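As a plain string of letters, each chain reads:
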Amino acid sequence: MAFIQKQKGIYDSTHAPTWCAGCGNFSIWLSLKKALEQLKVPPHQVLIVYGVGCSGNMANTIHAYGWHSLHGRAVPTAVGAKLANQALTVIVAAGDGDGYGEGLSHFIHAIRGNVDITYLVHNNSVYGLTTGQAAPTASRGYKAKSTPEGIIEEPINPISLALASDASFVARGFSGKADQLVDLIKRGIQHPGFSLVDIFQPCVTFNKINTFKFYFDSIYSLQDDPTYTAADRKAALEKALQKDKLPVGLFYQNTKRPSYASELSYLEGKPLLTASGSRRNLQPLFKEFI
Ligand code: SF4
């Protein structure tokens, strides 16, 4: 609790997270709050939709609107909220089990629509909340209590999957590189469409393979190469498929794809309740239910 009180930022809540000491979630939590503060978005204009998992533990610990969704359903919940009120900054915080397992199809369809939400995936390759079963990004051969002889499936590669689906913003951060993570979250929020920030988030309790040391030894930053522009989808896909080293940073951004809501003319770029056409259509419903 003393740790939180020192922050005294507008996004601080009176509740403390209960993550294990050293968990990579702490850095994501602090980075998200810092990004929102630096963007000067007021808390009442922010909705964070949480998935089920250790990441969802963030739900009471950020002073903004929050919605703890059903397992795997954080993305469609966020999509509905964004279409109902475009004035909101809508963020999803969920784990790789929730997002790339139970909720995988929602991920692809939100990309197809280019809905203007920012998706932060706490990627630790395990279901930490349920004590360490293997999640969809765990490497082939990974041993967990659910797979004692090692996984025989290939892992999901969220970056190549997003790029192949024509996502308009694809980035990957690491809990151990907080400054870069803050920058990626800010860029994702500012991007006018669907933005994925997949985040290597070590689960220090259950995953003894993908540790902080493993990532510090394995990652390099795409933006350290001045010739890498993040405008070339094919080049981004090549980086996403790299196996000997793990690139982090902004893989790809396309600001030319229109967002889903911008193509719904009856929304007039406004919240549903204030768009004239929508208000007319909703009146019978209001009369019936309110
Ligand atoms: Fe973090 Fe893993 Fe502990 Fe969950 S179980 S809080 S992911 S270290």
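Predicted model only: the values in this text are computed from it and were never measured.

A.B. asks: How would you summarise the packing of aromatic side chains if you had to cite specific residues and measurements?
C.D. replies: Aromatic ring pairs are defined here through the distance separating the ring centres and the angle between the ring planes. Applying the stated criterion to the full structure yields 12 aromatic pairs. Ring geometry for Phe174 and Phe212: centres 5.9 Å apart, planes at 50 degrees, overall tilted. A residue pair is termed long-range when its members are at least 10 positions apart, and Phe174 in strand β7 (residues 169-174) and Phe212 in helix α8 (residues 212-218) qualify at 38 residues. Using a relative accessible area of 25% as the deciding quantity, one classes Phe212 as partly exposed. Ring geometry for Phe174 versus Phe216: centroids 5.0 Å apart, planes at 75 degrees, classification edge-to-face. Placement of the pair is Phe174 in strand β7 and Phe216 in helix α8, with a sequence separation of 42 residues. Overall, Phe216 belongs to the partly exposed group, its relative accessible area being 49%. The ring centre of Trp29 lies 3.9 Å from the NZ or CZ of Lys33, which sits over that ring.

A.B. asks: Account for a nonpolar patch on the surface, with residues named and values stated.
C.D. replies: Residues Leu285, Phe289 and Ile290 make up a contiguous nonpolar surface patch of about 390 Å² in total accessible area. Following the sequence through the fold, Leu285 ends up in helix α10 (residues 276-289).

A.B. asks: Could you give an account of the environment of Gln223, naming the residues involved and the relevant values?
C.D. replies: Secondary-structure assignment places Gln223 in the loop between β9 (219-221) and α9 (233-240). Along the sequence, Gln223 and Val79 sit 144 residues apart, while their C-alpha atoms lie 30 Å from each other. Gln223 has contacts with Tyr228, Val248, Gly249 and Leu250, leaving out every residue within four places of it along the chain. A polar atom in the side chain of Gln223 sits 2.9 Å from the backbone nitrogen of Leu250.

A.B. asks: Would you mind going over the site of the ligand in detail, with residue names and values included?
C.D. replies: Neighbouring the ligand are Trp19, Cys20, Cys23, Asn25, Cys54, Asn124, Gly128, Gln201, Cys203, Val204, Thr205 and Phe206. Among the residues forming the shell around the ligand, the class breakdown is 7 nonpolar, 5 polar and no charged.

A.B. asks: Got a sec to walk through the pattern of salt bridges? Specific residues and values, please.
C.D. replies: Counting across every chain of the model gives 7 salt bridges. With its nearest N and O atoms 3.9 Å apart, the salt bridge here joins Glu154 to Arg140. Of this pair, Glu154 sits in the loop between β6 (133-134) and α6 (158-164) while Arg140 sits in the loop between β6 and α6, and the two are 14 residues apart along the sequence. On the basis of relative accessible area, Glu154 is assigned to the exposed category, the value being 55%. Residue Glu268 pairs with Lys270 through a salt bridge whose shortest N-O separation is 3.5 Å. Taking relative accessible area as the criterion, Glu268 reaches 37% and is therefore assigned partly exposed.

A.B. asks: Provide a residue-level description of helix α5 (residues 104-113), including the pertinent values.
C.D. replies: Residues Phe107, Ala110, Ile111 and Gly113 constitute the buried set of α5. Mapping the buried residues of α5 onto a view down its axis gives an arc of 165 degrees, with all of them on the same face. Tucked into the core, α5 has its buried residues touching α3 (74-84), α4 (96-102), β4 (118-123), α6 and β8 (195-200). Looking at the residues trailing α5, positive phi occurs at Asn114, about 55 degrees.

A.B. asks: Outline the sheet that holds β8, listing residues and values.
C.D. replies: Across the sheet, 8 strands lie side by side as β2-β1-β3-β4-β8-β7-β10-β9; this open sheet has mixed pairing. Among the strands making up the open sheet, the edge pair consists of β2 (65-68) and β9. Averaged over all neighbouring strand pairs, the angle between strand axes comes to 20 degrees, with direction disregarded. Two strands pair when backbone bridges link them, and strand β1 (residues 46-50) and strand β3 (residues 89-95) are joined in this way by 5 bridges, in the parallel orientation. Looking at β3, one finds that Ile48 is bridged to Ile91.

A.B. asks: Talk me through the packing of helix α2 (residues 25-39) against helix α7 (residues 178-190); I want residue IDs and the actual numbers.
C.D. replies: Direction vectors running N to C along α2 and α7 enclose 55 degrees, while the axes themselves pass 8 Å from each other. If you check the angle between α2 and α7, you find them oblique. Considering how the two elements wind past one another, α2 and α7 form a crossing that is right-handed. Residue-level inspection shows Ser27, Ile28, Ser31, Leu32, Lys34, Ala35, Leu36, Gln38 and Leu39 of α2 in contact with α7, the latter providing Ala178, Asp179, Leu181, Val182, Ile185, Lys186, Ile189 and Gln190. Residue classes in the contact of α2 with α7 are distributed as 10 nonpolar, 4 polar and 3 charged.

A.B. asks: Summarise the pairing of β4; cite the residues concerned and give the values.
C.D. replies: With 6 of 6 residues buried, β4 lies mostly within the body of the structure. Burial of the side chains of β4 extends over both faces: Thr118, Leu120 and His122 are buried on one face and Tyr119, Val121 and Asn123 on the other. Pairing geometry for β3 and β4, over 5 bridges, is parallel. Residue pairing across strands places Gly95 opposite His122, the latter belonging to β4. Two strands pair when backbone bridges link them, and β4 and β8 are joined in this way by 6 bridges, in the parallel orientation. The partner of Leu120 across the bridge, within β8, is Val197.

Quick notes on the rules
Residues numbered from 1 in each chain as written. Predicted model: local features only at pLDDT ≥ 70, side-chain atom pairs only at ≥ 80, totals over all residues. Heavy atoms only, no water. Phe/Tyr/Trp six-rings, centres within 6.5 Å; stacked < 30°, edge-to-face > 60°. Helix = DSSP H or I, 4+ residues; strand = E, 2+ residues; numbered from the N terminus. Buried < 20%, exposed > 50% of the residue type's maximum accessible area, 1.4 Å probe, protein only. Lys NZ or Arg CZ within 6 Å of the ring centre and 35° of its normal. Patch = residues over 30% accessible without salt bridge, like charges linked within 9 Å, V, L, I, M, F, W, Y side chains within 5 Å. Areas by Shrake-Rupley, 256 points an atom, 1.4 Å probe, with all protein chains shown as cover. Salt bridge = Lys/Arg side-chain N within 4 Å of Asp/Glu carboxyl O. Contact = heavy atoms within 4.5 Å. Polar contact = N/O pair within 3.5 Å; in protein donor to acceptor, adjacent residues only side chain to side chain. Near = heavy atom within 4 Å. Nonpolar A, V, L, I, M, F, W, Y, C, P; charged D, E, K, R; others polar. Arc of directions from axis to C-beta. Pairing = 2+ DSSP bridges. Axes fitted to C-alpha atoms, helices over the stretch in contact; angles between N-to-C directions. Parallel < 35°, antiparallel > 145°, perpendicular 65-115°, else oblique. Left-handed = near helix turned anticlockwise from the far one by under 90°.

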